[in-house]
Amino acid sequence: MAAWDLSVTVEDLGSDAPPVTISVASDLHVGGVILKLVEKTQIKRDWSDHALWWEQKQQWLLRTAWTLEKYGIHADARLLFMPQHKPLKLGLPNGITLRLRASFSCPVFQTVMGICRMLNIRHPEELSLLRPVEEKKKKKDKDLAEEIYDLTEVPLSSVSRPCLYNGMPAHFVDSPQMEAIYKMLSVTQPPPAPEVIAKQYRPASVVDKAHINGRWLDSSRCLMQQGIQENDRLWLRFKYAAFYDIEPKYDVVRLTQLYEQARWAILLEDVDCTEEEMMLFGALQYHISKVAQSEPQMLSTNAAMDDLESALMSLEVKMEGENSSASELLENMTAPELSDYLKLFRPKRLTLKGYKQYWFKFQDTSISYFKSKEESIGEPIQQINLRGCEVAPDVNVASQKFLIRLLIPAPEGMNEVYLRCENEQQYAQWMAACRLASKGKSLADSSFQSEIQSIRSFLAMQKTNSHGNAPAGDESINTHSLVSPRYHKKYKPKQLTPRILDAYQNVAQLSLTDALMRFLQIWQALPDFGLSYVVVRFKGSRKDEVLGIAPNRLIRIDLGVGDVVKTWRYNNMKQWNVNWDIRQMAIEFDGNVNIAFSCVTADCKIVHEFIGGYIFMSTRSREKSDTLNEELFHKLTGGHEAL
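Just so it is clear, the structure is predicted and the values come from calculations on it, not from any experiment. (Residues numbered from 1 in each chain as written. Predicted model: local features only at pLDDT ≥ 70, side-chain atom pairs only at ≥ 80, totals over all residues. Heavy atoms only, no water.)

### Overview of the packing of helix α9 (residues 275–294) against helix α15 (residues 512–524)
Thought 1: Interaxial distance between α9 and α15 falls to 9 Å at its minimum, and their mutual angle equals 155 degrees. Here α15 runs roughly antiparallel to α9, going by the angle between their axes. Seen from above, α9 lies across α15 with left-handed handedness. Between α9, through L280, F281, L284, Q285, H287, I288, V291 and A292, and α15, the contact on the second element is made entirely by L512, A515, L516, R518, F519, I522 and W523.
Thought 2: When grouped by side-chain class, the residues that make up the contact of α9 with α15 number 12 nonpolar, 2 polar and 1 charged. (Axes fitted to C-alpha atoms, helices over the stretch in contact; angles between N-to-C directions. Helix = DSSP H or I, 4+ residues; strand = E, 2+ residues; numbered from the N terminus. Parallel < 35°, antiparallel > 145°, perpendicular 65-115°, else oblique. Left-handed = near helix turned anticlockwise from the far one by under 90°. Contact = heavy atoms within 4.5 Å. Nonpolar A, V, L, I, M, F, W, Y, C, P; charged D, E, K, R; others polar.)

Here's what the structure looks like:
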C-alpha cells in the first residue's frame, strides 16, 4: 500500500510544539502508529496510559489492533496523543475539593467506579458526576484561594485493586498528609456558618430544582466526548436515591458523604420538611458534630475478623432462605388479625367532606372497611390491596395528628387515601402493617414487631420535653447553622435554641453511627425524598409541566397548582422508548396507558438514564452484591449508543 504522512499532536511535548509527522500506510494498525510516535519523540517514560484521540470524530482510538483504514482515518485527521487519565477537580458532597486523576477515555460510569475505588466508596452505581452550579462570588472573596487536596500522585495500579489496611485503602497510608485527607473524607464536617448557607444556590421552586438535573453527565460517553477538559471542576454526588446495603463498618466514607449530601439538601431546602422535623434534623446535626469531635473514628482493624463476620452473615442469609418454606406455611396459617375504628378520607379536588369513621380489618396484605364492627361479618364497603402501594407518614406529635397516606396503584395512575389514627399506639401498629403489606408481607412476618418498635422510637424523638433541663453550657450553640434560611428569618437564635435542645435530649444517647443512620432514615421518610424533577411537555399539551422521577414511580405535577396530577409505577411499565430524532420519550404501562413527552430542562437521555438506572438498582440482590452487572446497566440506560 502507498505510504502517506500523518500528523499527530503529542501533548507531552508542550502546547507550542509542532505536530509530529510520521509515514504510515492505511493497513498499519493503531498500535503501530503509537510505536512510531514514541520512537520519533525519543522521550523515555511509561507510555502505557497514552492513547490517540480523534478530534473531528470526538472519539478515542482504543482498539489498537484496528487498522487506520478500518477506523476510516486519512491524512486530514487531527489526532492527539495523550494520557487517558488526567487530573480533575472533584467537589464532594461534604464541600471538600480533591484533585485526582480520572479516566477521560472510558464511559463516565466506569470513571465513577474508578473514583469510588480510590476513595473507598462501595456501590459506585448510585453516584455520578455533574457540572457544578456557579456560586455567587463577591469581589472580596477573590483573595480566598480555595483549598484543594491533591491525590494525583496515587498510582493507578493501586486503585484497580484496592487493598485495605486498617480499614483504609493502602494508598492513604503512605504519608500523614494522605491519612489526613482520608480522615476528611470519613469524618463529618462541623456545621457551616449561616453566611456560608446563605451564599449557596437555593432552589426557590420545583422548576429551579429541575434545572440541576440538566447538569448530570451522560454515563454512556466519556469525559472528553462531553467537553470536559483537564483540571475542570465536576461534582461527585449520589444520583439514585436507592442506597443498597449500608454497612457502617465498611462504608465509613460512603456513609459520611451521604449524610453530608442529605444535610445540605435539608439546609438548602431541596427537600421539604415540617418545622418539627427541621428541629429534629437540627438536633441530630448538633449531636453528630459534637460526638464526631470527641469520638475517634474507629476504623476496622482486623481483616481476618471482618472476613469471618461476612462469611457468617452470608451463611445466615442462606439458612434463612432454606428454612423459610415450612415455617412460613405454619406462620401464614395463623396470621394475626388487626382491626379497629379508624377515620377515612379520600382527597379529591374541590371536596369539603371531612373524615368518616369506619371499622377497619387488616388481613394478609389487604385492608377492608365496614360501616361498623357489627357489620364486619358481611361484605365490606371496599377491600384495598396494599401490595405495591406507597405508604407515607403525616404526623405531628405535638398536635396529636397521626395520619397514614396511602397511594394505591390503579390503571389510570394512583388513588390517594388517608387513614387517621386516634393515638400513637394505634398509629404504630397500622403504619407498620401498611408498610409490610406494601412489600407483600403479612402481619405474620417476623419483622412486624420490630417495625412497630422503630415507628414508636421515631415518634418518641419528636416528643418535646416540657421541663427544660437542657444541659448547661450548651446555650451557645449557633442554631442558624443547623436550620435552613427560612427559619433564620422566622426565628431569632435564642428562640430556636430551646426547641433544638429539646429535640436534642431525645437523641443525646445515640452513638455517632446510630445518629448518622437515624438522620438518613428520617430524611428518607420525607414525602419528597428521592424525587428528581425535570420540566417536560406532554404530547398534545400546550404548557410545560414537571415530571418527578422517584426510585419506584414517575409523578406528573401541574405547575399552575403545584399538585401531583398522576402517578405511574415502574412495576406497571411494559416498555419505554426514546425517539432520538425528535428527542421524545414514550412509555407504555399496563392497562393500555401510554404517555409521551419531550424534555425542556434536561436532555431526554438524562431522563432515560434515570428510569433505566432505577430499574437497574431494583435488580440488585444479596447474592450478587459483590459483582456489578455493568452490561445490564448500559443496556437499561445507554439508549441507541449502547446498542
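Past the structure itself, the notes keep going.
### Description of the environment of D270
Thought 1: For D270, the location among the structural elements is in the loop between α8 (252–267) and α9.
Thought 2: For the pair D270 and R202, spaced 68 residues apart in sequence, the C-alpha separation works out to 7.5 Å.
Thought 3: Residues within four places of D270 in sequence aside, it is in contact with P203, K209 and A265.

### Focus on helix α1 (residues 30–41)
Thought 1: Taking 1.5 Å of rise per residue, the 12 residues of α1 would be expected to cover 16 Å, and the 17 Å separating its terminal C-alpha atoms lies within 8% of that figure.
Thought 2: Considered for burial, the residues of α1 that qualify are V30, G32, V33, I34, L37 and T41.
Thought 3: Residues of α1 that are buried sit in contact with β1 (3–10), β2 (20–25), β3 (50–54), β4 (59–61), α2 (68–71) and β5 (79–83).
Thought 4: Just downstream of α1 lies Q42, where phi reads positive at about 60 degrees. (Expected span 1.5 Å × (residues − 1). Buried < 20%, exposed > 50% of the residue type's maximum accessible area, 1.4 Å probe, protein only.)

### Describing the nonpolar core
Thought 1: Of all hydrophobic cores here, the largest spans 122 residues; its most connected members are L98, L119, L129, L151, W523 and F597.
Thought 2: Per element, the largest residue contribution to this core is 10 residues, and it comes from α9.
Thought 3: Leave out the neighbours within four places in its chain, and L119 touches L92, L98, L100, L151, F172, Y182, L185, L236 and V253. (Core = buried A, V, L, I, M, F, W, Y, C linked by side-chain atoms within 4.5 Å.)

### Here we look at the packing of aromatic side chains
Pairs of aromatic rings are described using the distance from one ring centre to the other and the angle between the two planes.
Thought 1: What the rule picks out here adds up to 27 aromatic pairs.
Thought 2: Summarising the aromatic geometry, the rings of W47 and F81 are spaced 5.5 Å apart at their centres and angled 25 degrees between planes, so their arrangement reads as stacked. Here the residue W47 occupies a position in the loop between α1 and β3, and F81 occupies one in strand β5, the gap between them amounting to 34 residues.
Thought 3: Residue classification places W47 among the buried positions, given a relative accessible area of 13%.
Thought 4: An aromatic cluster is defined as three or more aromatic residues linked by ring pairs; in this entry it consists of Y358, F360, F362, Y369 and W430.
Thought 5: Positioned over the ring face of W235 is R237, at 4.5 Å from the centre of the ring. (Phe/Tyr/Trp six-rings, centres within 6.5 Å; stacked < 30°, edge-to-face > 60°. Lys NZ or Arg CZ within 6 Å of the ring centre and 35° of its normal.)

In short, shape yes, function no, at least from these values alone.
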